[in-house]
Amino acid sequence: MNLIKEYEEDIYFNNPKMAYDELKGIYEQKKEFFIAFYLDSKNKIIAREIISIGTLNSSLIHARELFKGAILRSANTIILAHNHPSGNLEPSDEDLTATKKLQEAGDIIGIKILDHLIVSERGYKSII
């Protein structure tokens, strides 16, 4: 899976399933991948970036790494996603805490996080 995918075609997200469909190949990974979709003001995908690759059951994410890519691409909003190699779609306490901190950071700089999806071969779950 490429670290960064720039989108030249016009793809607009209007539901979480569309983000899930763009993540084919990530759910069978044996490590956690934390991914951001950067969107313009009309929810058109600008780029997808792997922000971090973690371990079997954890992923380290820092706001500066996430928002650096968003700022460089003039993104208006972000959709987050990460896989659970176990297949469990329930968010951990760490997932919820990290999401809240990232939302707060986004509010400060004016880049809203629209959604955060947990994905596996079983499907996806939104935690926002």
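The rules we used
Residues numbered from 1 in each chain as written. Predicted model: local features only at pLDDT ≥ 70, side-chain atom pairs only at ≥ 80, totals over all residues. Heavy atoms only, no water. Helix = DSSP H or I, 4+ residues; strand = E, 2+ residues; numbered from the N terminus. Rg over C-alpha atoms; globule rule 2.2 N^0.38 Å. Buried < 20%, exposed > 50% of the residue type's maximum accessible area, 1.4 Å probe, protein only. Contact = heavy atoms within 4.5 Å. Areas by Shrake-Rupley, 256 points an atom, 1.4 Å probe, with all protein chains shown as cover. Lys, Arg positive; Asp, Glu negative; His and termini not counted. Charge placed at Lys NZ, Arg CZ, Asp CG, Glu CD. Pairing = 2+ DSSP bridges. Phe/Tyr/Trp six-rings, centres within 6.5 Å; stacked < 30°, edge-to-face > 60°. Salt bridge = Lys/Arg side-chain N within 4 Å of Asp/Glu carboxyl O. Arc of directions from axis to C-beta.

Enquirer: What is the right way to read the overall build of the protein chain from this model?
Expert: Along its length, the protein chain carries three helices and six strands. Going residue by residue from the N terminus, the α and β elements of the protein chain occur as β-α-β-β-α-β-α-β-β. Relative to its length of 128 residues, the protein chain is compact, with a C-alpha radius of gyration of 13 Å against a globular reference of 14 Å. Dimensions of the protein chain along its principal axes, counting C-alpha atoms only, are 35 × 30 × 25 Å. Counting only residues that meet the buried cut, the protein chain has 45% of its 128 residues in that class. The long-range share in the protein chain, meaning contacts at least 24 apart out of those at least 6 apart in sequence, stands at 69%. Put simply, the protein chain shows about 7,000 Å² of open surface, and 51% of that area lies on carbon and sulfur atoms. Taken together, the 16 basic and 19 acidic charged side chains of the protein chain have centroids lying 1 Å from each other.

Enquirer: So what exactly am I meant to see when it comes to the environment of Tyr-27 here?
Expert: Along the polypeptide, Tyr-27 turns up in the loop between helix H1 (16-21) and strand S2 (33-39). Residues Tyr-27 and Phe-13, 14 residues apart in the sequence, show an inter-C-alpha distance of 20 Å. If we skip the residues at most four places from it in the chain, Tyr-27 touches Tyr-20, Asn-83, Val-119, Ser-120 and Glu-121.

Enquirer: What is the right way to read the pairing of S2 from this model?
Expert: For a regular strand, the rule is simple: side chains alternate between the two faces of the sheet. Across the seven residues of S2, seven count as buried, placing the element largely inside the fold. By the bridge criterion, seven bridges tie S2 to strand S3 (residues 45-53) in an arrangement that is antiparallel. Paired with Ala-36 across the bridge in S3 is Glu-49. Counting the residues that bridge the hairpin from S2 to S3 gives five residues, and of these Asn-43 lies at a positive phi of roughly 65°.

Enquirer: Quick question: what am I supposed to make of the packing of aromatic side chains here?
Expert: Two numbers describe a pair of aromatic rings. These are the distance of the centres and the angle of the planes. All told, the structure shown has three aromatic pairs when counted by the stated rule. Judged by centre distance (5.1 Å) and plane angle (75°), the rings of Phe-13 and Phe-37 are edge-to-face. Of this pair, Phe-13 sits in the loop between strand S1 (4-6) and H1 while Phe-37 sits in strand S2; the two residues are 24 residues apart in sequence, bridging distant segments of the chain. There is no split in this pair, since Phe-13 and Phe-37 are both buried. Taking 4.9 Å as the distance between ring centres and 10° as the angle between the ring planes, the aromatic pair formed by Tyr-20 and Tyr-27 counts as stacked. For the pair shown, Tyr-20 and Tyr-27 are each scored as buried.

Enquirer: Please explain the pattern of salt bridges as it appears in this structure.
Expert: Inspection of every chain in the model, using the stated rule, returns ten salt bridges. Where Asp-21 meets Lys-24, a salt bridge forms, and the shortest distance between an N and an O atom there is 3.8 Å. The exposure class assigned to Lys-24 is exposed, which follows from its relative accessible area of 54%. Several salt bridges share partner residues, and in doing so they unite Glu-6, Glu-49 and Arg-73 into one network.

Enquirer: What's the story with helix H2 (residues 63-72) in this structure? I'm lost.
Expert: The periodicity of an α-helix, 3.6 residues per turn, causes residues three or four positions apart to be oriented the same way. When we look at burial in H2, the residues that qualify are Leu-66, Phe-67, Gly-69 and Ala-70. Around the axis of H2, the buried residues are gathered within 155° of arc, so they sit on the same side. H2 presents Arg-64, Ile-71 and Leu-72 as exposed residues on the side facing more than 90 degrees away from its buried surface. Of the surrounding secondary structure, the elements contacted by the buried residues of H2 are S2, S3, strand S4 (77-83), helix H3 (93-109) and strand S5 (112-120).

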